[in-house]
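Commentary on secondary and tertiary structure
What follows is the residue order along each chain.
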Amino acid sequence: MSIAPARAAFFDVDETLITCKSMACVLARYWGRGDVAARRLATARASLQRQIRDGVPREQVNRSFFRFLAGSHLDDLETSGREWYERARAGGLLHTPVHEALRRHRDAGDLVVLVSGAFSACLDPLAREVGADLVVCTVPEVTSQGVLTGELSGPPMIGEAKAEAAVRIMKAFGVAAEECYAYADDESDLPLLRSVGHPVLVGDGPISAPLSETASWSWLPGPAPVAPPVAPAGPPASARPAPAPAPRAA
C-alpha cells in the first residue's frame, strides 16, 4: 500500500479469494480425526445447511457457527488455522483469477482489504501471505482466559455490515468510493458490491440484483466446487479436549 492510497480493493474470502469455506475447514482441523469428529462435523454441517435452506438470514447462520465453538480456546483455534492453511495452500487454496487481481491492486499501491464473515484463526495466515493491509472480520467473544463464549463481539461481518465497514474504511483513508473495487460471490455480498464504483462478481452465485444493474459489473470465474471438509488424517492441533457441539439452533 502506498502512504496515501488513491483506491481501495475489498475482497470477500470464502469461495472468492480462496476455493473453500475456511471456517468449516478450520473446524475440521480443530476437531481432529476419527468417527467421533466426523459425526460432529456432520451434525454441525447439517444444522447450518438446514438453516440456509429454511431461509434463515446469513447473519444468524454465522452466529450459529460460533456457538459450536463455545468453550474452545482461541490459541488452539489459531494453531489449527495455521496448520490448515499450511496444508491447504499447497493444494490450490487460492483462487487464481481473484488472487491475481489482488496482486495487481497491491502492486499498484491500492489499499487491500479482506472482508469476511470468518474470524482471525481462518484469515490471519491468508492475510500475511497475500499481503493484505487490513482484515475486517467477525470477532468472537472471548473471556479473559482466552475461551470463546459462543457469542460475538459486535455484529457478524455479513451483508450490510460488510458495506458499512467498507464505507468507514474509504472515509478513513480519504478514497472515493467510485474509484474503489469489491470482489465477492454471494447474495449476501450485494451491499458490499454496491458500495463501490467497480463491483466484480465472482462466479455464478445466486444474485437477486436486476440484470440492468449487474450488466455493467465486471465478472471473474468462480472456483470449481470442492468436497466438504473431512477430519484430517493427522492428530488435531489442540491438546485440550474440544467441546461437544451446542444443540442450540439459530
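Our structure's up above, just so we're on the same page.
Residues numbered from 1 in each chain as written. Predicted model: local features only at pLDDT ≥ 70, side-chain atom pairs only at ≥ 80, totals over all residues. Heavy atoms only, no water.

**Some details on the sheet that holds strand β3 (residues 134-137)**
The parallel open sheet is built from six strands, whose spatial order is β3-β2-β1-β6-β7-β8. Taken across any chain shown, the strands that pair with only one partner, and hence form the sheet edges, are β3 and β8 (218-220). The average angle at which neighbouring strand axes cross in this sheet is 20 degrees, direction not considered. Direction of pairing for strand β2 (residues 111-116) relative to β3: parallel, over a ladder of four bridges. Looking at β3, one finds that L114 is bridged to V135. Across the sheet, helix α5 (residues 96-107) touches β1 (8-11), β2, β6 (181-184), β7 (198-202) and β8, and the angle it forms with β1 is around 155 degrees. (Pairing = 2+ DSSP bridges. Helix = DSSP H or I, 4+ residues; strand = E, 2+ residues; numbered from the N terminus. Axes fitted to C-alpha atoms, helices over the stretch in contact; angles between N-to-C directions. Contact = heavy atoms within 4.5 Å.)

**Looking at the side chain of S64**
Tracing the chain through its elements places S64 in helix α3 (residues 58-67). S64 sits in the buried class, given a relative accessible area of 4%. A distance of 3.1 Å separates polar atoms of two side chains, one belonging to S64 and the other to Q51. (Buried < 20%, exposed > 50% of the residue type's maximum accessible area, 1.4 Å probe, protein only. Polar contact = N/O pair within 3.5 Å; in protein donor to acceptor, adjacent residues only side chain to side chain.)

**A few points about the packing of helix α4 (residues 74-88) against helix α6 (residues 120-130)**
It is at 8 Å that the axes of α4 and α6 come closest, and there the two elements cross at 45 degrees. Taken together, the axis directions place α4 and α6 in an arrangement best described as oblique. Taken as a pair, α4 and α6 cross one another with a handedness that is right-handed. Two secondary-structure elements touch here, α4 through L77, E78, G81, R82, W84 and Y85 and α6 through S120, A121, C122, P125, L126, R128 and E129. Considering only residue class, the contact of α4 with α6 consists of seven nonpolar, two polar and four charged. (Parallel < 35°, antiparallel > 145°, perpendicular 65-115°, else oblique. Left-handed = near helix turned anticlockwise from the far one by under 90°. Nonpolar A, V, L, I, M, F, W, Y, C, P; charged D, E, K, R; others polar.)

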